[in-house]
Amino acid sequence: MKKFVILLFFTATFLSFSQSKQTYTIGILVDFQNDETKGLLDKLKIEVRSVVGEDAILDFSDENILVNGYNEQLAQMHYEQLLANETDIILAFGPTNNQIIGKQKSHAKPTILFGAVNRDLSDIDFDKNTSDTENFTYLIESESYNDDLKKFKELTNFKKIGIAIEAGLDQILPLNETFEKEVTALDAEYKLIPFTTVSDITSNLEGLDALYMAGGFFLKEAQVEQLAQSFIKARLPSFTVNGPDHVREGIMATNQSDENLDQFFRRIALTIEAYINGTPLAELPVYIDYTPRLTINYNTAEVVGVPIKYSLIAQTDFVGDFKNAISEREYTLLTAIDQALQKNLNFKASEKDVALSSQDVKTAKSNYLPSLTASTTGTYIDPDLAAVSNGQNPEFSTAGNITLQQTLFSEAANANIVIQKNLQKAQEEVFNAAELDLIFDVSNAFFNALILKANAQIQIQNLDLTKRNLQIAQQNYEAGAAGKSDLLRFRSQLAQNTQAMVEAINQLEQGFVNLNQVLNNPVNMEVDLEDTQLNEGIFKRYNYDELTKRLDDPSLREPFIDFLVEEAYRNSPELKSLGYNLNATERNIRLNSFGRLLPTLGLQGQYNHTFNRSGAGSIAPQEFPILDNNYNVGVSLSIPIINQNQTNINRQTAIIQREQLQINQENTELAISSNIRSAVLSLVNQVSNIQLSKISEETAAEALELTQASYANGAVNIVQLLDAQNNYLNAQLASTTANYNFLISGLQLERFMGYYFLLNSEEKNEEFRQRFFEFLDNRN
């Protein structure tokens, strides 16, 4: 019986409570509506219902959402319509509704006016904390055209600015009067651009050096993107009164925060809740203090030529993909390698060394080519001697001859040809080594630039995180939940993170300078890089998963290393170059050993002609005929017997050179083996780093989120939050750069092997795999 009474009591209480819950019909007046504003109204309804909770039933019917389209007469009719129907609470938004409702001396129904107009255009008394008007309150935003224009001026130093605002508002609001005063104070001119469509704005950009979107809240995303692209194409800096979403879509900057809209909706919901719970609207606070936050689209600012001042970085949020929007060329890894091979100056100089060695071979072969010379001689002889020479040596004579010389056999010439051919091949291998080095150098510069780019992005994100933590510290301090020391510590951290970001950006610029140098570009050339990830794009056919499996299996690792060393010995241009130098030295030793006993055989011929004779002795007696033409042919054979011991010295020098080359060969083989093993160990480390750093980043992110929430609630101290933030920063850096470091290590291993998988065909790479399997079979 007792249980029945208790049950009856609770049932009665529940029914009584249910019957006492009141229903409120909400009417909404807006100036404009589209799909996006409908979404915002849905969000507002959710927020209001969430805050009001079980205190009342709220009815947001579609027939009580009235749109005036910036028409004052229609706005007046809509207001009167809500006064006449069953509406219990009126929510009014926009400057047109502000003009109607603001004129009312009394309010028959509870009315909340929100988002009325920019404070620069409002005649509301901002010193008042409440409306002091029965059944009426309003929400005043702290946003200001004047503040925006001052910040825009600081960024761009504009001289003539276009100010775009919805058409019709210029008839309702004192826009010209307001902007005239504010822009003149900035030593500039302005052009008011009322708009209905996007083209109304884009067709009025002539003569402007900046564009301020004083309206456009109701523009669709595609329209904002279209506007942003038009401004970018015109190299026109842009600023918006709307939030960071428009900046993400391409507008250059805003001074509004992401949190403003959420804060605004929450205040509306709290105002409705307070009224429902019995607080008169006349007593509710009216001011919403937004925290201004400069947000800049990094890419847009770069394209339109607005330099980012370091003095603003600490107070600025950046959006964009950190892509160099003004780059003259974007490189992939392959295009960077291709250009380096074509234009790198050191490489081109090495190419000339090969050409010079080819000339040395031609010079050596030319010893077997005939030599033909022609000469002319004018002679004067003592006339007394000429007179008794019987006409053979006249006083004056002019003669000429043609001489032919031809080496028929020479061991020295043969040896020199062989030596120079080997030296040429050695130089070609030096060139091949330089090519392999250059490929790695440009790849290393490419990936280092990507690492620096990722580092700069992470440092910017970390700076944003510090700014958010500073806001939490500020809120805790104002609420008395934390001391001023926390606030000061985060301000110090903000300065440190700002400096770290500046250094990261400058390091990225230096990375681009280094890459430009390798590519033989002007060092100040603006370039950008296409991101490269493991097992994506050009690296997909690399099949690094297979490589990872080889390295991860201890039973395969040692055989795999031995195979790679064997491949490196086979491919190494350094070993090949030493081999050719050894061949040249061996030929030199043979030349200065038994080769010195081989004779040198040569052929020589000469034809002589006397052109004229005169003076004493020019006429010969009859018995001494004069021959004006004669020739001779001879064969020479020579064997060196003693040449100051130079042959033995040359032989001993060549033997020492051979021993030196053999030592260098052994040392190079040892270096290759050591480099291969070290590179493999580095790859194993990087494989582990890729997996563990990803886990570390995810864990650090979750830990930071929990610590941040705990700090906001006063459950942890500032040191724990800073540690969590720094751990997340380091984890991000490690995770983001892990793939790049793996690829760098992989390419370094390939350099030591003398074989780049990336630059060879799939057929060649398959042959490489088959050689490995054959190598394993032979070991077994």
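Residues numbered from 1 in each chain as written. Predicted model: local features only at pLDDT ≥ 70, side-chain atom pairs only at ≥ 80, totals over all residues. Heavy atoms only, no water.

1. A short note on the overall build of the chain
Moving on, step 1. Helix and strand counts for the chain come out as 24 helices and 20 strands.
Moving on, step 2. Taken over C-alpha atoms, the radius of gyration comes to 45 Å for the chain, far larger than the 28 Å a tight globule of 780 residues would show.
Moving on, step 3. Projecting the C-alpha coordinates of the chain onto the three principal axes gives extents of approximately 165 × 80 × 50 Å.
Moving on, step 4. For the chain, with 780 residues in total, the buried portion stands at 45%.
Moving on, step 5. In the chain, once contacts between residues fewer than 6 apart in sequence are set aside, the share between residues at least 24 apart is 77%.
Moving on, step 6. Carbon and sulfur atoms form 51% of the exposed surface of the chain, whose accessible area is close to 39,800 Å².
Moving on, step 7. Each charge class in the chain can be summarised by its mean position, and for the 62 positive and 100 negative side chains these summaries are 4 Å apart. (Helix = DSSP H or I, 4+ residues; strand = E, 2+ residues; numbered from the N terminus. Rg over C-alpha atoms; globule rule 2.2 N^0.38 Å. Buried < 20%, exposed > 50% of the residue type's maximum accessible area, 1.4 Å probe, protein only. Contact = heavy atoms within 4.5 Å. Areas by Shrake-Rupley, 256 points an atom, 1.4 Å probe, with all protein chains shown as cover. Lys, Arg positive; Asp, Glu negative; His and termini not counted. Charge placed at Lys NZ, Arg CZ, Asp CG, Glu CD.)

2. Some details on the pattern of salt bridges
Moving on, step 1. In total, this model carries 19 salt bridges according to the counting rule given.
Moving on, step 2. Salt-bridge contacts for K45 lead to D42; the nearest nitrogen and oxygen are separated by 3.9 Å. Of this pair, K45 and D42 are both found in helix α2 (residues 35-52), 3 residues apart, which corresponds to roughly one turn of the helix.
Moving on, step 3. For R658, the salt bridge goes to E586, with nearest N and O atoms at 3.2 Å. Placement of R658 in helix α22 (residues 646-712) and of E586 in helix α21 (residues 573-591) is noted, with a sequence separation of 72 residues between them.
Moving on, step 4. The exposure class of E586 is partly exposed, given its relative accessible area of 27%.
Moving on, step 5. In the salt-bridge network here, residues are joined through shared partners; they are R293, D317, D464 and K467. (Salt bridge = Lys/Arg side-chain N within 4 Å of Asp/Glu carboxyl O.)

3. Some words on the nonpolar core
Moving on, step 1. The biggest cluster of nonpolar side chains holds 60 residues, and the ones touching the most others in it are Y331, V442, F446, F447, L529, L564 and I676.
Moving on, step 2. At 14 residues, the largest contribution of residues to this core is made by helix α17 (residues 411-479).
Moving on, step 3. For L564, the residues in contact, after removing those within four places along its chain, are I676, V680, L749, M753 and F768.
Moving on, step 4. Judged by nonpolar contacts, the second largest core, of 59 residues, contains L192, A253, V304 and A473. (Core = buried A, V, L, I, M, F, W, Y, C linked by side-chain atoms within 4.5 Å.)

4. Looking at unusual backbone geometry
Moving on, step 1. The phi dihedral of N135 falls on the positive side, at around 60 degrees, and the residue is not glycine.
Moving on, step 2. Mapping N135 onto the fold places it in the loop between β5 (111-114) and β6 (136-141).
Moving on, step 3. A positive phi angle, near 60 degrees, is found at D187, a position not held by glycine.
Moving on, step 4. Its place among the elements puts D187 in the loop between α7 (175-185) and β8 (189-195).
Moving on, step 5. Residue class for D187 comes out exposed when judged on its relative accessible area of 59%.

5. Some details on a negative patch on the surface
Moving on, step 1. A cluster of acidic residues, D35, E36, E221 and E225, forms a negative patch at the surface.
Moving on, step 2. Those elements that provide at least two residues to the negative patch are α2 and α9 (221-233).
Moving on, step 3. Within the secondary structure, E225 is located in helix α9. (Patch = residues over 30% accessible without salt bridge, like charges linked within 9 Å, V, L, I, M, F, W, Y side chains within 5 Å.)

6. As for the sheet that holds strand β19 (residues 600-614)
Moving on, step 1. With respect to topology, 4 strands assemble into an open sheet ordered β16-β17-β19-β20, the strand pairing being antiparallel. The sheet is open, and its two edges are formed by β16 (371-380) and β20 (629-638), each paired on a single side. For this sheet the average axis-to-axis angle between neighbouring strands, irrespective of direction, equals 20 degrees.
Moving on, step 2. For strand β17 (residues 396-409) and β19, the ladder comprises 13 bridges, and the chain directions are antiparallel. Each residue of the ladder has a partner; that of S397, found in β19, is R613. (Pairing = 2+ DSSP bridges. Axes fitted to C-alpha atoms, helices over the stretch in contact; angles between N-to-C directions.)

7. Focus on the sheet that holds strand β14 (residues 316-319)
Moving on, step 1. An order of β8-β7-β9-β10-β11-β13-β14 is seen for the 7 strands of this open sheet, with the pairing classed as mixed. Pairing within the sheet leaves two strands with one partner each, and these edge strands are β8 and β14.
Moving on, step 2. Relative to strand β9 (residues 210-213), strand β7 (residues 160-166) runs parallel, the two sharing 4 bridges. Looking at the pairing, G162 lines up with L211 of β9.
Moving on, step 3. Here α7 sits on the sheet and contacts β7 and β8; the angle it forms with β8, its principal contact strand, is near 150 degrees.

8. What to know about the packing of aromatic side chains
Moving on, step 1. Enumeration according to the criterion identifies 21 aromatic pairs in this entry.
Moving on, step 2. Aromatic side chains F560 and F772 sit 5.2 Å apart centroid to centroid with 85 degrees between the ring planes, which places their arrangement in the edge-to-face category. On the criterion of sequence distance, the pair formed by F560 in helix α20 (residues 554-571) and F772 in helix α24 (residues 762-779) is long-range, its members being 212 residues apart. For the pair F560 and F772, a shared accessibility class is recorded, and that class is buried.
Moving on, step 3. Through pairs of rings, three or more aromatic residues link up here, namely F560, F563, Y755, F757, F768, F772, F773 and F775.
Moving on, step 4. Here the guanidinium or amino end of K153 rests over the ring plane of F158, the centre of that ring lying 5.2 Å away. (Phe/Tyr/Trp six-rings, centres within 6.5 Å; stacked < 30°, edge-to-face > 60°. Lys NZ or Arg CZ within 6 Å of the ring centre and 35° of its normal.)

9. As for the side chain of S735
Moving on, step 1. Residue position: S735 is located in helix α23 (residues 718-753).
Moving on, step 2. Setting aside residues up to four positions removed in sequence, S735 forms contacts with S693, K694 and E697.

10. Here we look at the packing of helix α5 (residues 145-156) against α7
Moving on, step 1. The contact between α5 and α7 brings their axes to 10 Å, and the two run at 30 degrees. With respect to α7, the axis of α5 lies roughly parallel. Crossing handedness for the pair α5 and α7: right-handed. The residues of α7 that touch α5, namely those facing Y145, N146 and L149, are F179, E182 and V183.
Moving on, step 2. Partitioning the contact of α5 with α7 into residue classes produces 4 nonpolar, 1 polar and 1 charged. (Parallel < 35°, antiparallel > 145°, perpendicular 65-115°, else oblique. Left-handed = near helix turned anticlockwise from the far one by under 90°. Nonpolar A, V, L, I, M, F, W, Y, C, P; charged D, E, K, R; others polar.)

11. Structural notes on the side chain of T300
Moving on, step 1. Position of T300 among the secondary structure elements: in helix α12 (residues 298-303).
Moving on, step 2. Setting aside its immediate chain neighbours within four residues, T300 contacts I232, G250, I251 and M252.

12. Some remarks on helix α14 (residues 333-343)
Moving on, step 1. Buried residues of α14: L333, A336, I337, Q339 and A340, and no others. Down the axis of α14, the buried side of the element spans an arc of 165 degrees, and every buried residue falls inside it.
Moving on, step 2. Residues of α14 that are buried in the fold lie against β15 (329-331), α17 and α18 (484-519). (Arc of directions from axis to C-beta.)

13. Some details on the environment of E574
Moving on, step 1. Summarising the element assignment, E574 is placed in helix α21.
Moving on, step 2. Not counting the four nearest positions on each side in its chain, E574 is found in contact with A433, T668 and R751.

14. Some thoughts on the packing of α17 against α23
Two measures define how a pair of helices packs: the angle their axes make with one another and the distance between the axes.
Moving on, step 1. Axis separation between α17 and α23 bottoms out at 10 Å; the angle between their running directions is 170 degrees. Between α17 and α23, the interaxial angle falls into the category roughly antiparallel.
Moving on, step 2. For the contact of α17 with α23, the residue count by class is 17 nonpolar, 15 polar and 2 charged.

15. Quick look at α24
Moving on, step 1. Here α24 spans 26 Å end to end across 18 residues, near enough to the 26 Å set by a 1.5 Å rise per residue.
Moving on, step 2. N765, F768, R769, F772, F775 and L776 are the residues of α24 that are buried. Buried residues along α24 cover an arc of 115 degrees about the axis, so they all sit on one side. Among the exposed residues of α24, those pointing more than 90 degrees away from its buried face are E763, D777 and N778. (Expected span 1.5 Å × (residues − 1).)

16. Some remarks on the environment of R771
Moving on, step 1. The residue R771 is located in helix α24 in this model.
Moving on, step 2. Take R771: its relative accessible area is 24%, and that puts it in the partly exposed class.
Moving on, step 3. C-alpha of R771 to C-alpha of R587: the two residues are 184 residues apart in sequence and 34 Å apart in space.
Moving on, step 4. Not counting the four nearest positions on each side in its chain, R771 is found in contact with F563, E567 and R570.

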